[in-house]
Amino acid sequence: MQKFTAVGPVIDLRSDTVTKPTPAMFSRMASAELGDDGRGDDPTVKELERASATLLGKEAAVFLPSGTMSNHVAILAHSSCRGEVIGEASSHIFRSEMGGLSLLAGLYPRPLPGRAGAMHIDELEAWLRPPSLTSHSLGTAVVCMETTNSVGGAVLSLDHMRDVCTKSWQAGVPVHLDGARLFNAAIALGVPASTIAAFADSATFCLSKGLSAPVGSVLAGSRLFIERARGFRKMFGGNLRQAGLLAACGLVALEECTQRLADDHLNARRLADGLHRVDPHLVNPADVATNMVLVNVGRSVADAEQWMRVLSDYGVLTAPVSTDRLRLVVHRHVDVSSIERVLIVFAEIYLTRPATLFAM
Ligand SMILES: *Cc1c(COP(=O)(O)O)cnc(C)c1O
């Protein structure tokens, strides 16, 4: 394909998981005090767990290798019956965790319809039942919320979270918050992370996404809950040894990388505004809440996979989330000039109208 723009360095918008450790992380790693965390002996992991519990306003926290393991461990540590797990249908636990909650926890998924990651409250009321082993219908083991939503970066309102919690707690059902991008939500709402985590019994966040740490998630909750979680972490093979190397990066992530997420949100907004100028059907800038932009390619003859391939020929990497939508995620390695180059690429695609994307 003849291109007018020079293809420069690759701009990777597939996810914020592609962020690499900062220089401060490497130096913190080099000087970290280490021990065997499988025996509870790593002082740096303990420091990260204490700092995380404090940030989330919970009694205790545990470091885990991934967000997926953290969700599975949390759901198992909560569930006292072989019941249903309720959540909004687009949640990561239903879409992207390989059915682990059924296989590993023996629980039954109950995905509910919603909007922008927020389940419809009347659906929650219809499906919510007290946890029980004896009644004729399956009880609710856990209710899960997700903020920000992993499909489009939407943030749950605190009012919605309060509603979900009140109804769940009235039914005696625990609430887990999958806050993989909790600090993005906190920045967007302008509140501390603890204000959001207060609307859940347990909350997890990823250090390895926009916060730039290479590996790791943290799960926080009551002291008793975290003790149970440690048992399941061991069962899943998630007990690491000199994990202080990773926790050192996590501490830098919490100290230096949460506030800068505001830059990512600003750049995502720039990207959305620019794409809207190229074609108003591509993006509704009002939908951009955090660091993700959903691009709707439904008006062209091509599907999202074909758009992904054409964009990657220009050095712009994206990820389809459905047949007609691409997800573009902004992060620390995407600056204003990268955004401008992505906009030039889209403008050129619209100018040259390649036959694979547009009908002749
Ligand atoms: C990424 C993500 C996870 C899983 O995290 P991994 O560390 O990739 O296992 C869970 N929930 C949400 C909402 C996510 O975005």
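Residues numbered from 1 in each chain as written. Predicted model: local features only at pLDDT ≥ 70, side-chain atom pairs only at ≥ 80, totals over all residues. Heavy atoms only, no water.

Trainee: Give a description of the site of the ligand that names residues and reports values.
Mentor: For the ligand, the set of nearby residues contains 13 residues, the closest of which are Gly-67, Thr-68, Asp-178, Arg-181 and Lys-209. One nitrogen or oxygen atom from the side chain of Arg-181 is found 3.0 Å from an oxygen atom belonging to the ligand. At a separation of 2.7 Å, an oxygen atom of the ligand approaches a polar side-chain atom of Lys-209. Bound to the protein, the ligand loses 85% of the 390 Å² it would expose on its own. With 3 residues, helix α3 (residues 67-78) is the largest single contributor of residues to the shell around the ligand. (Near = heavy atom within 4 Å. Polar contact = N/O pair within 3.5 Å; in protein donor to acceptor, adjacent residues only side chain to side chain. Areas by Shrake-Rupley, 256 points an atom, 1.4 Å probe, with all protein chains shown as cover. Helix = DSSP H or I, 4+ residues; strand = E, 2+ residues; numbered from the N terminus.)

Trainee: A description of the packing of helix α12 (residues 261-278) against helix α14 (residues 336-352) should follow, citing residues and the corresponding values.
Mentor: Interhelical geometry of α12 versus α14 gives an angle of 20° and a closest axis separation of 10 Å. As far as their axial angle goes, α14 and α12 are roughly parallel. Judged by the sense of rotation from one axis to the other, the crossing of α12 with α14 is right-handed. Across from Asn-267, Arg-270, Leu-271, Gly-274, Leu-275 and Val-278 in α12, the residues of α14 making contact are Val-336, Ile-339, Val-342, Leu-343, Phe-346, Ala-347 and Tyr-350. The residue makeup of the contact of α12 with α14, split by class, is 10 nonpolar, 2 polar and 1 charged. (Axes fitted to C-alpha atoms, helices over the stretch in contact; angles between N-to-C directions. Parallel < 35°, antiparallel > 145°, perpendicular 65-115°, else oblique. Left-handed = near helix turned anticlockwise from the far one by under 90°. Contact = heavy atoms within 4.5 Å. Nonpolar A, V, L, I, M, F, W, Y, C, P; charged D, E, K, R; others polar.)

Trainee: Give a description of helix α11 (residues 244-256) that names residues and reports values.
Mentor: Relative to the 18 Å expected for 13 residues at 1.5 Å per residue, α11 spans 18 Å between its end C-alpha atoms, a close match to the ideal helical length. Among the residues making up α11, those that are buried are Gly-244, Ala-247, Ala-248, Cys-249, Gly-250, Leu-251, Val-252, Ala-253 and Leu-254. (Expected span 1.5 Å × (residues − 1). Buried < 20%, exposed > 50% of the residue type's maximum accessible area, 1.4 Å probe, protein only.)

Trainee: Can you lay out the nonpolar core for me, pointing to particular residues and giving the numbers?
Mentor: Membership of the largest hydrophobic core comes to 50 residues, with the highest contact counts inside it found for Leu-56, Leu-124, Met-145 and Leu-207. Among the elements that make up this core, the one with the highest residue count is α11 (6 residues). Sequence-distant contacts of Leu-124, defined by excluding residues within four places in its chain, comprise Ile-86, Leu-112, Met-119, Val-143, Val-164, Lys-167 and Ser-168. One finds Leu-275, Phe-346, Ile-349 and Leu-357 within the second-largest nonpolar core, a separate group that totals 32 residues. (Core = buried A, V, L, I, M, F, W, Y, C linked by side-chain atoms within 4.5 Å.)

All quantities given are derived from atomic positions and should not be read as evidence of function.
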